[in-house]
Structure formats: structure tokens, C-alpha cells
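As a plain string of letters, each chain reads:
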Amino acid sequence: LELAMEIVRRKVLVGLMDRMEESIAIFDQYFGFAPGLDFDEQWFMECKFNKALGGGANRNFNKKTVDPESDTYKNIARRNRHDRELYAYIVQLFETRKQL
């Protein structure tokens, strides 16, 4: 877990699906993209949002909820403890970096 956190901190530019607009602004700033280059800014933003939201592993078409008090939930949470800790670290890193 510590190694994963260090790699993310040093080598990864993070964005969050549930905070897409802020994430894209961070990416724009990092890569030096300027809005309204040779095309309409609104079209550009729509393309970026559609590309980011249009697919990938983070889509869940058959989302089912599990009661947080159930044994199933507790078992999943226990097995994914390190993933949850890494995600919490990534959110914290996102908050820190967006203020730079």
C-alpha cells in the first residue's frame, strides 16, 4: 500500500469521475491546453466530457446496492481494504493538487 501511494504521488496525474469538471480543468492546466484554440470552446469541452464519460472500466450498467450492515458488504470491504485506503489517499491528493 505504501509503495502504491508513493507511485501515485510521484508519477500519476489523478482525476475523479465524480468530479469530472475539476479533473478536466486540472488536466488542461497540467498539459497546457488553452480553451478556444482553433475551434469552439463549448464543442471542445463537450468532446472531452463525452470521451471521459463515454466508456471505460468505471461504468456500471447493472449497479446493485448491498446493505452496509450485511456480511457480504463487510466481507467485500475487508478484502478491498487496501483499495479503499488507496482511493482515500487519491482523493486527498486530488484536493491538494487542485489548489496548486
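As a reminder, the structure under discussion sits directly above these lines.
The rules behind these values
- Residues numbered from 1 in each chain as written.
- Predicted model: local features only at pLDDT ≥ 70, side-chain atom pairs only at ≥ 80, totals over all residues.
- Heavy atoms only, no water.
- Helix = DSSP H or I, 4+ residues; strand = E, 2+ residues; numbered from the N terminus.
- Buried < 20%, exposed > 50% of the residue type's maximum accessible area, 1.4 Å probe, protein only.
- Contact = heavy atoms within 4.5 Å.
- Areas by Shrake-Rupley, 256 points an atom, 1.4 Å probe, with all protein chains shown as cover.
- Axes fitted to C-alpha atoms, helices over the stretch in contact; angles between N-to-C directions.
- Parallel < 35°, antiparallel > 145°, perpendicular 65-115°, else oblique.
- Left-handed = near helix turned anticlockwise from the far one by under 90°.
- Nonpolar A, V, L, I, M, F, W, Y, C, P; charged D, E, K, R; others polar.
- Patch = residues over 30% accessible without salt bridge, like charges linked within 9 Å, V, L, I, M, F, W, Y side chains within 5 Å.
- Salt bridge = Lys/Arg side-chain N within 4 Å of Asp/Glu carboxyl O.
- Core = buried A, V, L, I, M, F, W, Y, C linked by side-chain atoms within 4.5 Å.

1. Some words on the overall build of the protein
Inference 1: In terms of regular secondary structure, the protein is built from five helices and zero strands.
Inference 2: Reading the helices (α) and strands (β) of the protein from amino to carboxyl end gives α-α-α-α-α.
Inference 3: Put simply, the protein has 100 residues, and 19% of those count as buried.
Inference 4: Counted over contacts in the protein with a minimum sequence separation of 6, partners at least 24 positions apart contribute 69%.
Inference 5: Total accessible area computed for the protein in this model is approximately 8200 Å², and 53% of it derives from carbon and sulfur atoms.

2. Let's talk about the environment of Gly-15
Inference 1: Tracing the backbone through its elements, the reader meets Gly-15 in the loop between helix H1 (2-11) and helix H2 (20-31).
Inference 2: Between the alpha carbons of Gly-15 and Lys-98 there is a distance of 9.7 Å; along the sequence they are 83 residues apart.
Inference 3: Once you skip the residues sitting within four places of it in the chain, Gly-15 turns out to touch Ser-23, Phe-27 and Phe-94.

3. Regarding the packing of H1 against helix H5 (residues 81-98)
In a pair of packed helices, the angle between the axes and the distance between the axes together describe the arrangement.
Inference 1: Direction vectors running N to C along H1 and H5 enclose 25 degrees, while the axes themselves pass 10 Å from each other. On the basis of their axis angle, the class for H1 and H5 is roughly parallel. The crossing of H1 and H5 is right-handed. Where H1 approaches H5, its residues Ala-4, Met-5, Val-8, Arg-9 and Arg-10 are matched on the opposing element by Leu-86, Tyr-89, Ile-90, Leu-93 and Arg-97.
Inference 2: Of the residues in the contact of H1 with H5, the class split is seven nonpolar, no polar and three charged.

4. Thoughts on a nonpolar patch on the surface
Inference 1: Together, Leu-3, Ile-7 and Val-12 give the surface a local cluster of nonpolar side chains, amounting to about 260 Å² of exposed area.
Inference 2: You can see Val-12 is positioned in the loop between H1 and H2.
Inference 3: For Val-12, a relative accessible area of 34% gives the class partly exposed.

5. Examining the nonpolar core
Inference 1: Within the largest apolar cluster, ten residues are counted, these being Met-5, Val-8, Val-14, Leu-16, Ile-26, Leu-86, Tyr-89, Ile-90, Leu-93 and Phe-94.
Inference 2: When contributions to this core are tallied by element, the ones reaching two or more residues are H1 and H5.
Inference 3: Considering every element that reaches this core, the biggest residue donor is H5, with five residues.
Inference 4: Every residue in contact with Leu-93, bar those within four places of it in the chain, is listed here: Val-8 and Arg-9.

In short, shape yes, function no, at least from these values alone.
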